[in-house]
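Residue-level listing of the chains:
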Amino acid sequence: MTSTTNELATFLAELRYDDIPTEVVDRCEELFLDWLGSALAGKGYPPIPLFERFAQRMGPASGRSELLTLSATTSPYFAAFVNAAASHVVEQDDLHNSSVLHPGTVVFPAVLAAAQSEGKSGRELILAAVAGYEAGIRIGEFLGRSHYTVFHTTGTVGTLAAAVGVGKLLNFSAEDFLHALGSAGTQAAGLWEFLRDGADSKQLHTAKAAADGLLAAYMTADGLTGAQRILDGKQGLAAGMSSDANPACLSDRLGRRWALAETSFKFHASCRHTHPAADAL
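These numbers come from a predicted model, not from an experiment.

J.: Whenever I open this one, the overall build of the protein confuses me. Can you help?
T.: A tally of helices and strands in the protein yields 11 helices and 2 strands. Each helix and strand of the protein, placed in order from N terminus to C terminus, yields the pattern α-α-α-β-β-α-α-α-α-α-α-α-α. Against the compact-globule benchmark of 19 Å for 281 residues, the protein has a radius of gyration of 17 Å, which places it among compact chains. Along the first, second and third principal axes, the C-alpha set of the protein runs to 45 × 45 × 40 Å. When the accessible surface of the protein is summed, it comes to about 11,500 Å², and 53% of that surface belongs to carbon and sulfur atoms. Of the side-chain charges in the protein, 21 are positive and 30 negative, and the distance between the mean point of each set is 3 Å.

Okay, structure coming up:
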């Protein structure tokens, strides 16, 4: 593995709640509230009822994790699946610019569902979310803008970010994080071609990213191994999905630069790239 990948995994394993600056904790709480509002706002919007019906058909009748749009409960997997889709439909969820990633819509559904299922505290949820944001944003920056031209970064990188967040809730070691990243990375998907048809794949991308990241973490906890060089290996993510990958981004100022605090809120219900024009108008 590259030293930067190892540094990232070690940072994630060693990160503690008390290491996080107060202003970052406050920002995380604000981002969670913003995400929650986005998820609730998605209630009833197409195609969210399709995701709800799928979860009700395929998942358990009840569980410890909440389907926010239905005020019902289910398994962590299907709660993450539906809540991630719902929070990415009214175009109000947060955005990190340099990684071109919407971290909240994939990290929070996964960590909330897992935290509810595992009986974790609010402090543990915040710690997990911060870990997911810090890893996801750096992996998005690592893959670069060439990745974004073809791949929906929130769908691809979001799978790894969700896996990290849930892994932190499950007290992963550095080695565990490498396995979880491998299992999440091999599932990472999401192509922009859906824009040509106005198709519903955007919500499917976030639903799968949150749920499959959670899957990768739970299966890692049970002993599943994953590729150790999923990011920079000869047949890894950078090789297949980027032409300008920069490994230095993976360990950029870990513990000093809090990328979560760089994440912006949307003040208009539209793609963040349209906001300067909206503001000018």
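Here the narrative resumes.
J.: Can you walk me through helix α6 (residues 122-150) in this structure?
T.: Residues three or four positions apart in an α-helix share a direction because the helix packs 3.6 residues into each turn. With 29 residues, α6 extends only 37 Å from end C-alpha to end C-alpha; this falls clearly short of the ideal 42 Å at 1.5 Å per step. The buried fraction of α6 is high, at 22 of 29 residues.

J.: Mind showing me how you'd approach the packing of aromatic side chains here?
T.: The relation between two aromatic rings is expressed through the spacing of the ring centres and the mutual angle of the planes. Counted under the stated rule, the structure contains 13 aromatic pairs. Between the aromatic rings of Tyr148 and Trp192, the centroid separation amounts to 5.3 Å while the plane-to-plane angle is 80°, which identifies the pairing as edge-to-face. Here the residue Tyr148 occupies a position in helix α6, and Trp192 occupies one in the loop between α8 (174-185) and α9 (201-221), the gap between them amounting to 44 residues. By relative accessible area, Tyr148 is classed as partly exposed at 22%. Of the aromatic side chains, those joined through ring pairs into one cluster are Phe51, Phe54, Tyr77, Phe78 and Phe81.

J.: Is there a simple way to explain the side chain of Asp34 in this structure?
T.: Within the secondary structure layout, Asp34 lies in helix α2 (residues 22-41). Among buried Asp, Glu, Lys and Arg side chains, Asp34 stands out as unpaired, with Lys266 the closest opposite charge at 8.8 Å. Dropping the residues within four chain positions of it, Asp34 is found in contact with Gln92, Asp93, Asp94 and Phe265.

J.: Help me understand the packing of helix α5 (residues 104-118) against helix α7 (residues 153-169), please; the structure alone is not making it clear to me.
T.: Two numbers describe how α5 lies on α7: the axes approach to 8 Å, and their chain directions differ by 30°. As summarised for this structure, α5 and α7 are arranged roughly parallel, according to the angle between their axes. Seen along the crossing, α5 lies across α7 with a hand that is right-handed. Within the contact between the two elements, α5 uses Thr105, Val106, Val107, Ala110, Val111, Ala114 and Ala115 and α7 uses Thr154, Gly158, Ala161, Ala162, Gly165, Val166 and Leu169. Partitioning the contact of α5 with α7 into residue classes produces 10 nonpolar, 4 polar and no charged.

J.: Just checking my understanding: could you explain the layout of surface pockets for this structure?
T.: Empty space among the atoms becomes visible once a probe the size of a water molecule is rolled across them. Its volume calculated, the largest pocket comes out at about 200 Å³. Secondary-structure elements contributing two or more residues to the lining of the largest pocket are α6 and α7. With 3 residues, α6 is the largest single contributor of residues to the lining of the largest pocket. Looking at side-chain class alone, the lining of the largest pocket contains 6 nonpolar, 1 polar and 5 charged residues.

J.: What is the right way to read α2 from this model?
T.: Counted at 1.5 Å a residue, the expected span for α2 with its 20 residues is 28 Å, and the 29 Å between its end C-alpha atoms agrees. The complete set of buried residues in α2 reads Val24, Val25, Cys28, Leu31, Asp34, Trp35, Ser38 and Ala39. Residues of α2 that are buried in the fold lie against α4 (76-86), α5 and α6.

J.: Explanation requested: unusual backbone geometry in the structure shown.
T.: The phi angle of most residues is negative, glycine excepted, and most peptide bonds adopt the trans form. Residue Pro47 is reached from Pro46 by a cis peptide bond, and omega for that bond is 5°. By secondary structure assignment, the location of Pro47 is in the loop between α2 and α3 (48-58). Phi at Val100 takes a positive value of approximately 50°, unusual for a residue other than glycine. The topology assignment puts Val100 in the loop between α4 and α5. Given a relative accessible area of 5%, Val100 falls into the buried group. Residues other than glycine seldom take positive phi values, yet Arg253 does so here, at roughly 50°.

J.: I'm lost on the pattern of salt bridges in this one. Help?
T.: It is possible for side chains of opposite charge to pair when their charged atoms get near one another. In total, this model carries 11 salt bridges according to the counting rule given. Between Asp18 and Arg123 there is a salt bridge, and its shortest N-O distance comes to 3.5 Å. Taken together, the residues span a long stretch of sequence, with Asp18 in the loop between α1 (3-14) and α2 and Arg123 in helix α6 at a distance of 105 residues. The partner of Glu91 in a salt bridge is Lys202, and the shortest N-O contact between them spans 2.6 Å. Pair noted here: Glu91 is in the loop between α4 and α5 and Lys202 is in helix α9, with a separation of 111 residues, a long-range link.

The rules we used
- Residues numbered from 1 in each chain as written.
- Predicted model: local features only at pLDDT ≥ 70, side-chain atom pairs only at ≥ 80, totals over all residues.
- Heavy atoms only, no water.
- Helix = DSSP H or I, 4+ residues; strand = E, 2+ residues; numbered from the N terminus.
- Rg over C-alpha atoms; globule rule 2.2 N^0.38 Å.
- Areas by Shrake-Rupley, 256 points an atom, 1.4 Å probe, with all protein chains shown as cover.
- Lys, Arg positive; Asp, Glu negative; His and termini not counted.
- Charge placed at Lys NZ, Arg CZ, Asp CG, Glu CD.
- Expected span 1.5 Å × (residues − 1).
- Buried < 20%, exposed > 50% of the residue type's maximum accessible area, 1.4 Å probe, protein only.
- Phe/Tyr/Trp six-rings, centres within 6.5 Å; stacked < 30°, edge-to-face > 60°.
- Salt bridge = Lys/Arg side-chain N within 4 Å of Asp/Glu carboxyl O.
- Contact = heavy atoms within 4.5 Å.
- Axes fitted to C-alpha atoms, helices over the stretch in contact; angles between N-to-C directions.
- Parallel < 35°, antiparallel > 145°, perpendicular 65-115°, else oblique.
- Left-handed = near helix turned anticlockwise from the far one by under 90°.
- Nonpolar A, V, L, I, M, F, W, Y, C, P; charged D, E, K, R; others polar.
- 1 Å grid on protein atoms, 1.4 Å probe; cavity = no way out; pocket = protein on both sides within 12 Å on 5 of 7 lines; lining within 4 Å.
- Points joined across faces, edges and corners; volume = space filled by probe spheres on them.

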